[in-house]
Amino acid sequence: MYKRILIATDGSPLSDKAVESGLSLAALTGASVVALKVVPRYPRSYFEGGMPVEAGDVKRIEGQWGDAAQVLVDAIKAKGVEQGVTVKAVTAKSDMVAEAVIAAAKKHKCDLIVMASHGRKGIKRLLLGSETQHVLTHSHIPVLVLR
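Positions within a chain are numbered from 1, following the residues in the order the chain's sequence is written. In keeping with the model being predicted, local features are shown solely for residues with a pLDDT of at least 70 and side-chain atom pairs are shown and tallied solely at 80 or more, while totals for entire chains, interfaces and linings include all residues. Neither water nor hydrogens contribute to the side-chain values; these are computed over all heavy atoms in the structure.

Caption draft 1: View of the overall build of the protein chain. Helix numbers and strand numbers start at the N terminus; a helix is a DSSP run of H or I with at least 4 residues, a strand a run of E with at least 2. When you go through the protein chain residue by residue, the secondary structure sums to five helices and five strands. Tracing the protein chain from N to C terminus, the helices and strands come up as β-α-β-α-β-α-β-α-α-β. For every residue, the accessible area (1.4 Å probe, protein chains only) is compared with the maximum for its type, and the residue is labelled buried under 20%, exposed over 50%, or partly exposed between those bounds. Looking at the protein chain residue by residue over its 147 residues, the buried ones come to 36%. Within the protein chain, residue pairs in contact and separated by at least 24 positions form 77% of the contacts whose partners lie at least 6 positions apart. The contact definition used throughout considers only heavy atoms, calling two residues in contact when any of these lie within 4.5 Å.

Here it is in structure tokens:
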């Protein structure tokens, strides 16, 4: 049914449910998995609400975020090994999370994307946006959404 499944995570408890479901589906179908965590860039403008930070500090902070993301996807890889699933642990650096998810799915030739949605409604959805909604509406690859 599926050959390669991309599981996008942000490390939240809800996202953990998507990870578990994605790994279970991969185990059932014999698919391999690409575990993805998108890491944002550090805000660099006064208009983004941050204090000016030295370039070296920005690099250090972004490095810490990248390292934490790698630990997260490596843990998913270890869970996959326990279930007999081959998992590739991947991180991407981007402020456009949905676009990075779609690009990674294309790059790794995935035929399903599994991710969670926080299920925001009304004004919260309008103001805060939804990365999952963006992936759903812009990806040509099927998306399994867990809430």
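Once you've had a look at it, read on.
Caption draft 2: Broad picture of the nonpolar core. Here the nonpolar core consists of buried residues drawn from Ala, Val, Leu, Ile, Met, Phe, Trp, Tyr and Cys, with membership extended through side-chain atoms lying within 4.5 Å. Grouped together as the largest cluster of nonpolar side chains are 18 residues, with contacts concentrated most on I5, I7, L23, V33, V87 and V114. Within the residue set of this core, elements represented by two or more residues are strand 1 (4–8), helix 1 (13–29), strand 2 (32–39), helix 2 (55–82) and strand 4 (112–116). The element best represented in this core is helix 1, accounting for five residues. Beyond its immediate stretch of four places on either side in the chain, I7 contacts A18, V19, G22, L23, V33, V34, A35, L36 and V114.

Caption draft 3: Expanded view of the pattern of salt bridges. In what follows, salt bridge is the name for a side-chain nitrogen of Lys or Arg lying within 4 Å of a carboxyl oxygen of Asp or Glu. Scanning all chains against the criterion turns up three salt bridges. One salt bridge connects K79 with E20, and the closest N-O pair in it is separated by 3.3 Å. Of this pair, K79 sits in helix 2 while E20 sits in helix 1; the two residues are 59 residues apart in sequence, bridging distant segments of the chain. The exposure class assigned to E20 is partly exposed, which follows from its relative accessible area of 33%. When the shortest N-O distance is used, the salt bridge between R60 and D57 registers 3.8 Å. Of this pair, R60 and D57 both sit in helix 2, separated by three residues, roughly a single helical turn.

Caption draft 4: View of the side chain of H108. Examined against the element boundaries, H108 turns out to sit in the loop between helix 3 (97–107) and strand 4. Overall, H108 belongs to the buried group, its relative accessible area being 12%. Those residues in contact with H108, other than ones at most four positions away along the chain, are R4, V34, K88 and V90.

Caption draft 5: Structural view of helix 3. For helix 3, the full list of buried residues reads A98, A100, V101, I102, A104 and A105. Close packing links the buried residues of helix 3 with strand 1, strand 2, strand 4 and helix 5 (131–138). K109 sits one or two residues past helix 3 and shows a positive phi near 55°.

Caption draft 6: Expanded view of the pairing of strand 4. Among the five residues in strand 4, five count as buried, and that is most of the element. At least two DSSP bridges between two strands are needed for those strands to be called paired. Relative to strand 5 (residues 143–146), strand 4 runs parallel, the two sharing four bridges. Considered in strand 5, the bridge of M115 is made with V145.

Caption draft 7: Spatial organisation of the pairing of strand 2. Counting buried residues along strand 2, eight of its eight residues qualify, which places the element largely inside the surrounding structure. Residues S32, V34, L36 and V38 of strand 2 are buried on one face, and the alternating residues V33, A35, K37 and V39, pointing to the opposite face, are buried as well. Of the pairings in the sheet, the one linking strand 1 to strand 2 comprises five bridges and is parallel in character. Its bridge partner lying in strand 2, R4 is registered against S32. Here, the term right-handed applies to a crossover whose path from the first strand over the helix to the second runs clockwise when the strands point away from the viewer. At this point the chain moves from strand 1, through helix 1, to the parallel strand 2, and the crossover so formed is right-handed.

Just geometry here; none of it tells us what the structure is for.
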